[in-house]
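Read off the chains here:
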Amino acid sequence: TRRDAGPDSPGESTGSDYDLSIRGVAPGLVSAVESLLGLLSIDPACWQGVDDVVAAAVDRSRNWQRLYRILLDVHEDVGEYSFRAVVSRCADGALCELLDRARARTADVLVPVEEFHAVCERLVAEMEVLRYGELRGALQDADTNADDAFRRLRAQGGRHESFLGIADRHDLGRGTTS
């Protein structure tokens, strides 16, 4: 639902129910998950590439979880499914909007399974950026065992070729480079 008042008005919000449900979620993660859900909705063969990273990413939004569950249920119930079978199970506007966005992100895809693998690689990078942020936050939290948090951050960083975090290596969120 869209309201005329600005976002700073107390008690008022702008955007659709779906927009509100993903407020505060990293835009790169939103893009990757919507693409992934769109690919799952057009080609059941993509389910072969679903792993723990996909499940963890989908858990970041209630609506992503709901659409993922619908896709999984239709896949288990019917196997090969049509878009109509998925749409018929969407119960509200937020879910229908998510499905519409997901399908729009994959409208020009010619080989869904190949695109799915590329999106999964992007999803891994997005989830690593989030994990680094969580680990850095744990270091700053007074209630956290700082030594343990530092060990986990160091172990996460040791899996990469650079001492710089993914966001720093790829200049994410900074705009232009010189």
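Please refer to the structure higher up on the page.
All figures in this text were calculated on a predicted structure; none of them were measured in a lab.

### A closer look at the packing of helix α2 (residues 27–42) against helix α7 (residues 112–140)
At a closest axis distance of 9 Å, the pairing of α2 and α7 adopts a crossing angle of 150°. By the angle between their axes, α2 is roughly antiparallel relative to α7. In this structure, α2 meets α7 at a crossing whose hand is left-handed. Along the contact surface, α2 presents G28, L29, S31, A32, V33, S35, L36, L39, L40 and I42, while α7 presents P112, E115, F116, V119, C120, R122, L123, E126, M127 and L130. Here the contact of α2 with α7 is composed, by residue class, of 14 nonpolar, three polar and three charged.

### Digging into the packing of aromatic side chains
If you walk through the whole model with that rule in mind, you get one aromatic pair. Relative to Y68, the ring of W47 lies with its centre 5.5 Å away and its plane at 50°, an arrangement referred to as tilted. Taken together, the residues W47 in the loop between α2 and α3 (52–58) and Y68 in helix α4 (residues 62–78) connect sequence positions 21 residues apart. With respect to burial, W47 and Y68 carry one shared label: buried.

### Structural notes on α4
Between its terminal C-alpha atoms α4 stretches 24 Å, which fits the 24 Å expected from 17 residues at 1.5 Å a residue. Within α4 the residues assigned to the buried category are N63, W64, R66, L67, Y68, I70, L71, L72 and V74. Where the residues of α4 are buried, they touch α1 (17–21), α2, α3, α5 (83–87) and α6 (93–105). Regarding α4, its N-cap is S61, as a side-chain oxygen of that residue lies 3.3 Å from the backbone nitrogen of N63 further along.

### Quick look at the pattern of salt bridges
Applying the stated rule across the entire model yields eight salt bridges. A salt bridge links D73 to R69; the shortest N-O distance between them is 3.0 Å. Here R69 and D73 lie together in helix α4, a separation of four residues that amounts to about one turn. For R69, a relative accessible area of 43% corresponds to the partly exposed category. Note that R101 and E97 form a salt bridge whose closest N and O atoms lie 2.7 Å from each other. Separated by four residues within a single helix, R101 and E97 lie in helix α6, roughly one turn from each other. Owing to a relative accessible area of 24%, R101 belongs among the partly exposed residues under this scheme. Taken together, the salt bridges that share partners define one network made up of D19, E34, E97, R101 and R105.

### Some remarks on the environment of D19
Along the polypeptide, D19 turns up in helix α1. Not counting residues up to four positions away in its chain, the partners in contact with D19 are E97 and R101.

### A short note on the nonpolar core
Core analysis: the biggest nonpolar cluster contains 35 residues, and L36, L37, W64, L67 and L123 have the highest contact counts within it. The element best represented in this core is α2, accounting for eight residues. Not counting the four nearest positions on each side in its chain, L123 is found in contact with L29, A32, V33, L36, V53, V54 and A57.

### Examining the state of the cysteines
Counted by the stated rule, this structure contains zero disulfides. Considering cysteine sulfurs only, C46 is the nearest to C120, which forms no disulfide, with 8.4 Å between them.

What counts, and at which threshold
- Residues numbered from 1 in each chain as written.
- Predicted model: local features only at pLDDT ≥ 70, side-chain atom pairs only at ≥ 80, totals over all residues.
- Heavy atoms only, no water.
- Axes fitted to C-alpha atoms, helices over the stretch in contact; angles between N-to-C directions.
- Helix = DSSP H or I, 4+ residues; strand = E, 2+ residues; numbered from the N terminus.
- Parallel < 35°, antiparallel > 145°, perpendicular 65-115°, else oblique.
- Left-handed = near helix turned anticlockwise from the far one by under 90°.
- Contact = heavy atoms within 4.5 Å.
- Nonpolar A, V, L, I, M, F, W, Y, C, P; charged D, E, K, R; others polar.
- Phe/Tyr/Trp six-rings, centres within 6.5 Å; stacked < 30°, edge-to-face > 60°.
- Buried < 20%, exposed > 50% of the residue type's maximum accessible area, 1.4 Å probe, protein only.
- Expected span 1.5 Å × (residues − 1).
- Polar contact = N/O pair within 3.5 Å; in protein donor to acceptor, adjacent residues only side chain to side chain.
- Salt bridge = Lys/Arg side-chain N within 4 Å of Asp/Glu carboxyl O.
- Core = buried A, V, L, I, M, F, W, Y, C linked by side-chain atoms within 4.5 Å.
- Disulfide = S-S within 2.5 Å.

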